[in-house]
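Observations on chain architecture
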Number of protein chains: 2
Amino acid sequence: MVNRNGDVPKSVIRRLPVYLRTLDILIRNEQEIVSSRELSEKTGFTAEQIRKDLTFFGAFGTRGTGYTVKYLRDMILKIIGLDERTSIVVVGVGHLGTALIRYNVTKNPYVNVVAAFDVDPSVVDKDILGVKVLHISKMKEVMKEYNIKVAILTVNTESAQEAVEYIIKSGIRVIFNFAPVKLIVPENVHVHNADLSIELQSLIYYATVEK
Amino acid sequence: MVNRNGDVPKSVIRRLPVYLRTLDILIRNEQEIVSSRELSEKTGFTAEQIRKDLTFFGAFGTRGTGYTVKYLRDMILKIIGLDERTSIVVVGVGHLGTALIRYNVTKNPYVNVVAAFDVDPSVVDKDILGVKVLHISKMKEVMKEYNIKVAILTVNTESAQEAVEYIIKSGIRVIFNFAPVKLIVPENVHVHNADLSIELQSLIYYATVEK
């Protein structure tokens, strides 16, 4: 039903969670059918873009009718790989790591932080809203127990590369990096650098252009 | 020299800081001229896209030669509105607010956190890497002293709308919102919702598709 083998542009993959969230809201409102035009109004992407994005993975709508909301939501979960509750870990339990654990635990319906890691004895063995902080050397064991999909890296710049070695040795292949440093990784490891500076700077435009 | 009056798509504005960062690296490496093809290699956007984006604001390059690095950097600073050191504030000094203050203070060359605000007596009057935490009722005074361009909102869901009223009353017109709640604001106020869940979910795709 779902084709996940194509070479799909990053921009398409980035829009999928936006569609997912919109469909989840429609489901909560008990809406059964949605047109690409209505999805366009709710997401800000054009109807053509939405139809084209979904075509990468299969044919999910009916011309003239639209999409069955629940079916399309389930298909997008499958496309992303979120069809089960997905396990992730947080590496680095400073202010940012703690904030992300709290944020995730309470807000994200599809992703589950199963453990956090640090080396600092003052945080190891602590518990943050039910998430246990373990010494980084335990990562491989945790990976064996859960099938960890992503490591969120929130250590400081100096510790980042060493932490990455632990992550890779444990078998995790995707890193969401908040440390402001270019990580050195093998080709089969995917690093996504979070960059709040970029978002912040683009906002300055709106603060200054409307005068 | 710089046209900032056009109706520019959001996606273009979001790419400008990426160009800016790339140009800053070239300047540090003392490179004087750059082609759109080289900018493409370094940013991941196509050369056509880069040329098209810049055309919204003026003509900055020479056909067959490329762009003068410093000139283009200065033009992009002007386009974004970053031509002076831009003042922002952080509203909410929990884990996330603290992390953003530390992150910004040490990492962002163009944006300056001039103050932070909270209502909690246990954090008001504290100092985070030189950034003073003030009671939220002082925001208007700080706005008078500095010309605050953006408020980063990191309070909890329950306090978000009340904090927004203070922000708007103080005259700040752009809000970077990390509270997972839809804020109610007048039409002339621009809210950008940070959404780490969206980024995280799109990463799950890469963790699951490559098996």
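Refer to the preceding data block for the structure.
To keep things clear, this report deals only with the structure shown in the data block. The numbers attached to residues start from 1 for each chain and follow its sequence in the written order. Chain letters start at A and ligand numbers start at 1, both assigned in the order the entries are written. At least 70 in pLDDT is required for a residue's local features to be given in this predicted model, at least 80 for side-chain atom pairs to be given and counted, and no such filter applies to totals for whole chains, interfaces and linings, which use all residues. To get the side-chain values, all heavy atoms of the structure are used, and hydrogens and water are removed first.

What follows covers the overall build of chain A. Helices and strands together make up the secondary structure of chain A, namely 8 helices and 10 strands. By its C-alpha atoms, chain A is 60 × 50 × 35 Å across when sized along the principal axes. Throughout, a contact is declared for two residues whenever any of their heavy atoms are within 4.5 Å. Counted over contacts in chain A with a minimum sequence separation of 6, partners at least 24 positions apart contribute 60%. We get accessible surface area from the Shrake-Rupley algorithm with a probe of 1.4 Å; when it comes to residues, only the shown protein chains can shield them. For chain A, the computed accessible surface area is about 10700 Å², with 49% contributed by carbon and sulfur atoms. Each charge class in chain A can be summarised by its mean position, and for the 27 positive and 24 negative side chains these summaries are 3 Å apart. Starting at the N terminus, helices and strands are each numbered in turn, a helix being any DSSP run of H or I of at least four residues and a strand any DSSP run of E of at least two. Positive charge is attributed to Lys and Arg, negative charge to Asp and Glu, and no charge count is given to His or to the chain ends. Lys charges are placed at NZ, Arg charges at CZ, Asp charges at CG and Glu charges at CD.

Once that is clear, we can look at the sheet that holds strand S1 (residues 33-34) of chain A. All names here are of chain A. Two strands qualify as a pair provided that DSSP identifies no fewer than 2 bridges between them. Sheet architecture is open: 3 strands sit in the order S1-S3-S2, paired in antiparallel fashion. Here the strands that pair on one side only, and so sit at the sheet edges, are S1 and strand S2 (61-62). Here S1 pairs with strand S3 (residues 66-68) via 2 bridges, running antiparallel. Considered in S3, the bridge of Val 34 is made with Tyr 67.

Each packed pair of helices is defined by two parameters, the angle between the axes and the distance between the axes. Residue and element names in this part refer to chain A. Axes here mean lines fitted to C-alpha atoms, for a helix over just the part in contact, with angles spanning 0 to 180 degrees between N-to-C directions. At a closest axis distance of 8 Å, the pairing of helix H2 (residues 36-43) and helix H3 (residues 47-55) adopts a crossing angle of 110 degrees. With respect to each other, H2 and H3 are oriented roughly perpendicular. Contact with H2, carried on its side by Ser 36, Arg 37, Leu 39, Ser 40 and Thr 43, involves Ala 47, Ile 50 and Arg 51 of H3 and no other residues of that element. Residues are grouped as follows: Ala, Val, Leu, Ile, Met, Phe, Trp, Tyr, Cys and Pro are nonpolar; Asp, Glu, Lys and Arg are charged; every other residue, Gly included, is polar. A per-class count over the contact of H2 with H3 returns 3 nonpolar, 3 polar and 2 charged. Roughly parallel means an angle under 35 degrees; roughly antiparallel means over 145; roughly perpendicular covers 65 to 115; every other angle is labelled oblique.

Bringing the interface of chain B and chain A into the picture now. In this complex, chain B contributes 57 residues to the contact, which on the side of chain A involves 57 residues. Where chain B abuts chain A, roughly 5500 Å² becomes buried across the two surfaces, and 66% of that area is made up of carbon and sulfur atoms. Take a side-chain nitrogen of Lys or Arg and a carboxyl oxygen of Asp or Glu: if they are within 4 Å of each other, that pair is a salt bridge. Linking chain B with chain A are 2 salt bridges, by the criterion used here. In this structure, the salt-bridge partner of Glu 199 of chain B is Arg 14 of chain A, at a minimum N-O distance of 3.9 Å. Whenever a nitrogen or oxygen atom comes within 3.5 Å of another N or O atom, the pair is scored as a polar contact, on the condition that within protein one atom can donate a hydrogen and the other can accept it, and that pairs from neighbouring residues in sequence are kept only if both atoms are in side chains. Taken together, the connections running from chain B to chain A amount to 7 residue pairs in polar contact (both at pLDDT 80 or more). For the side of chain B that touches chain A, the secondary structure elements donating two or more residues are helix H1 (10-28), helix H4 (69-80), strand S4 (86-91), helix H5 (95-107), strand S8 (148-153), strand S9 (174-177), strand S10 (190-193) and helix H8 (196-209) of chain B. In terms of residue count, H8 of chain B provides more of the side of chain B that touches chain A than any other element does, 14 residues in total. Here the residues of the side of chain B that touches chain A are counted per class, giving 32 nonpolar, 15 polar and 10 charged. Buried area is a sum: the accessible area each of two parts loses on coming together, probed at 1.4 Å, counted once for each and added.

Another aspect to go through is the relation of the copies chain B and chain A. A residue counts toward the fit only if its pLDDT is at least 70 in both copies, and the copies are then superposed by least squares on the C-alpha atoms of those residues. Note on the copies: chain B fits chain A at an RMSD of 0.1 Å, the axial shift is 0.1 Å, and the rotation between them is 180 degrees. The symmetry that links the two subunits is that of a two-fold axis. Across chain B, the rotation axis passes nearest the C-alpha of His 95 of chain B, at a separation of 2.4 Å. Of all interface residues in chain B, 100% are interface residues in chain A too; the two copies therefore contact each other through one and the same surface.

Residues and elements named next belong to chain A. Reading across from one edge, S6-S7-S5-S4-S8-S9-S10 is the order of the 7 strands in this open sheet, with mixed pairing throughout. Of all the strands in the sheet, the pair left with one neighbour each is strand S6 (127-128) and strand S10 (190-193). Contacting strand S4 (86-91), strand S8 (150-153) and strand S9 (174-177), helix H7 (residues 157-170) crosses the sheet at an angle of about 165 degrees to S8.

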